[in-house]
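Residues per chain, in single letters:
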Amino acid sequence: MASRAIQPVLLGCALLCAAALVCGGVFGPAQAQTAPIAHFPVASEARLAGDASQTRFILDLDQAVQFRAFTLGDPYRVVVDIPQIDFRLPTGIGTTGRGLIKAFRYGLVMPGGSRIVFDLTGPARIASSTMLEAANGQPPRLVLEFEAVDQATFNQGSGEAKPELRPAIADAKAGATPAAAAPAAQLADPRPVIVIDPGHGGLDNGTQSNGETEKTLVLNFGLALRERLEKSGKYRVVMTRSDDTFIPLNDRVKIARAQSAALFVSIHADALPRREGDAQGATIYTLSDKASDVEAERLAETENRADAIGGVNLTEEPTEVADILIDLAQRETRTFSNRFARLLMNEMKIAARMHKHPLKSAGFRVLKAPDVPSVLVELGYVSNKGDLEHLVSDNWRAKTAASMAQAIDTFLAKRLATASPDK
Ligand code: ZN
């Protein structure tokens, strides 16, 4: 237990600074581009050793770094938080595991902060965790020892090591940052806020095909849509992410709510496993307790897995609003969400190829803001050749973003008119 982390206080400071940066990054101008190029510690190699009772993970670095490691259950994972790292690991590493480790992934969770998430084959504890300084011709190394334990020991251990939420989440909860940042911006700028939510990011790649990852495709689309909307000058556009950073699902919803957004549009790109055949075209999803069909249910499950992939402790996230309030507000919000979904379909079908059943619903966690009309658009299937050609095309992107902007114009014009009947 004592070896769980070295100097957690120092790391805490580093993470808080990073949290301040991430909030500025989401709501302020993109200062990341203007900052001088930072040189982050480099990770050059990672290895697994051992068996199903004891497994060791070794990460080679070019300098020692602070870290914090903790376990999470349901599914069993180990999370290691470290300062921002330039990962130059061999491609494909982490996709196959060894011993207690099924697989692992790594990436940015906020400016200044990286994370490694291990999927475990069963309950395990971190028997030791050490940052070794360079010695005997060996580079500095992060060494973690995992040890299989029974369920009861795991429950005890993970209770004891109750991980703090990462600072960005903790701050949002305390109302210290994103929530507090909104009112000032709203006073200064009364235009309706559109929140664009490119799915996935950082260590969550989303779907993948032919070397293209969903997280990059949807970010590029989101940026194109932002450009299109900003050009009209009618809206204030807020991105849940504008770079390759992991954002938990709840934080995406919180951003929409804190901004009192007029509309929340989540952007994704689906994939169908080859054995399930081929599918093509864009689909627009709204929130529902009951999935409209089996495919919608499967998709919602896949998309809702993002937090587990990013190492977010799901049991630590409380329900935001009492269920009864959600119920009341959501009834109206859902009417607006469905109206927008239909408008969007009518515009998008002119510009883009649509799925044979283009309007669906399921229990997507990212659509759960009770007071913000929200839709999730699957732009197409990265597993389909024609769709993927569209998804990487600037021309298709511009055309499709323009059709979305048209739907947003119509929706908000109508909505504003409905909201003020005396006009
Ligand atoms: Zn997705």
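To start, this report covers the structure provided alongside it. (Residues numbered from 1 in each chain as written. Predicted model: local features only at pLDDT ≥ 70, side-chain atom pairs only at ≥ 80, totals over all residues. Heavy atoms only, no water.)

Overview of the pairing of strand β13 (residues 236-239)
Put simply, the rule reads: To sort residues, take the accessible area from a 1.4 Å probe on protein chains only and compare it with the maximum for the residue type: under 20% means buried, over 50% means exposed, and anything in between is partly exposed. Secondary structure elements are defined from DSSP: runs of H or I of at least 4 residues count as helices, runs of E of at least 2 residues count as strands, and each element is numbered from the N terminus. By the convention used here, strands pair only if DSSP detects at least 2 bridges between them.
Both faces of β13 are covered, namely the face carrying Arg 236 and Val 238 and the face carrying Val 237 and Met 239. Bridge analysis of strand β10 (residues 193-198) against β13 gives four bridges, and the strand direction is parallel. Counterpart to Ile 194 in the pairing with β13 is Val 237.

Some words on the packing of aromatic side chains
Both the distance between ring centres and the angle between the ring planes are used here to describe each pair of aromatic rings. Keep this limit in mind: Paired rings are identified among Phe, Tyr and Trp, the last through its six-membered ring, by centres lying within 6.5 Å, and are further divided according to the angle between planes into stacked (under 30 degrees), edge-to-face (over 60) and tilted (the rest).
For the structure on display, the rule yields ten aromatic pairs. Both rings, one in Phe 87 and one in Tyr 106, keep their centres 4.6 Å apart while their planes meet at 35 degrees; by these two values the pair is tilted. You can see Phe 87 sitting in strand β5 (residues 86-87) and its partner Tyr 106 sitting in strand β6 (residues 101-110), a full 19 residues away along the chain. The class for Tyr 106 is partly exposed, based on a relative accessible area of 22%. One aromatic cluster is present, built from ring pairs that chain together Phe 57, Phe 104, Phe 118 and Phe 146.

Some points on the coordination of the zinc ion
Heads up, the rule is: Donor criterion used throughout: N, O or S atom within 2.8 Å of the metal, extended to 3.2 Å for Na, K and Ca. Water excluded; incomplete-looking sites may result.
Those protein atoms acting as donors to the zinc ion are His 200 (NE2), Glu 214 (OE), His 268 (ND1), Glu 303 (OE) and Glu 303 (OE), and they sit at 2.0 to 2.4 Å. In terms of primary sequence, the donors binding the zinc ion are separated according to H-x13-E-x53-H-x34-E. Taken together, the residues span a long stretch of sequence, with His 200 in the loop between β10 and β11 (208-209) and His 268 in strand β14 (residues 263-270) at a distance of 68 residues. The exposure class of His 200 is buried, given its relative accessible area of 6%. The class of His 268 is buried, set by a relative accessible area of 4%.

Quick word on the side chain of Thr 245
To be explicit about the condition: Distance and chemistry together define a polar contact, namely a pair of N or O atoms within 3.5 Å, with one atom able to donate a hydrogen and the other to accept it when in protein, and with adjacent residues in sequence counting only for side-chain atoms on both sides. The contact criterion used throughout is that any non-hydrogen atoms of two residues lie within 4.5 Å.
Structurally, the position occupied by Thr 245 is in the loop between β13 and α6 (249-258). We classify Thr 245 as buried; its relative accessible area is 2%. Side chain to side chain, Thr 245 and Asp 243 meet in a polar contact 2.5 Å long. Among all residues touching Thr 245, those that are not within four sequence positions of it are Leu 108, Val 109, Met 110, His 200, Gly 201 and Gly 202.

Observations concerning the sheet that holds strand β3 (residues 68-72)
Rules: Only C-alpha atoms enter the line fits that serve as axes; for helices the fit covers just the stretch in contact. Angles between N-to-C directions range over 0 to 180 degrees.
Reading across the sheet, the four strands line up as β3-β4-β7-β6 and stay open at both edges, with antiparallel pairing between neighbours. The outermost strands of the open sheet, each flanked by one partner alone, are β3 and β6. Going across the sheet, the axis of each strand differs from the next one's by a mean of 20 degrees, ignoring polarity. Here seven bridges tie strand β4 (residues 77-83) to strand β7 (residues 113-120), and the two strands are oriented antiparallel to one another. Each residue of the ladder has a partner; that of Arg 77, found in β7, is Asp 119.

As for the pairing of β4
Counting buried residues along β4, six of its seven residues qualify, which places the element largely inside the surrounding structure. Relative to β4, β3 is paired through five bridges, and the arrangement is antiparallel. Bridge pairing links Phe 70 to Val 79 in β4. Taking the residues that link successive antiparallel strands as the turn, the β3-β4 hairpin has four residues, and the phi of Asp 74 there is positive, at about 50 degrees.

Considerations on the environment of Thr 240
Mapped onto the secondary structure, Thr 240 falls in the loop between β13 and α6. Of the residues examined, Thr 240 reaches a relative accessible area of 0% and is grouped as buried. Considering only alpha carbons, one finds Thr 240 and Lys 254, 14 residues apart in sequence, at a separation of 9.6 Å. A distance of 2.6 Å separates a polar atom in the side chain of Thr 240 from a polar atom in the side chain of Asp 197.

Quick word on the environment of His 268
For the pair His 268 and Lys 215, spaced 53 residues apart in the sequence, the C-alpha separation amounts to 7.9 Å. Discounting chain neighbours no more than four positions away, the residues touching His 268 are Gly 199, His 200, Glu 214, Val 218, Glu 303, Leu 376, Val 377, Glu 378 and Leu 379.

Things to note about the sheet that holds β10
Across the sheet, six strands lie side by side as β13-β10-β14-β17-β15-β16; this open sheet has mixed pairing. One side of each edge strand has no neighbouring strand; the edge strands of this open sheet are β13 and β16 (354-362). Each adjacent strand pair in this sheet contributes to an overall mean axis angle of 20 degrees, direction not counted. Along the sheet face, helix α5 (residues 214-232) touches β10, β13, β14 and β17 (374-381) and points at about 160 degrees away from the line of β10. The sheet strands contacting helix α7 (residues 294-304) are β14, β15 (282-287), β16 and β17, and the helix crosses β16 at an angle near 65 degrees.

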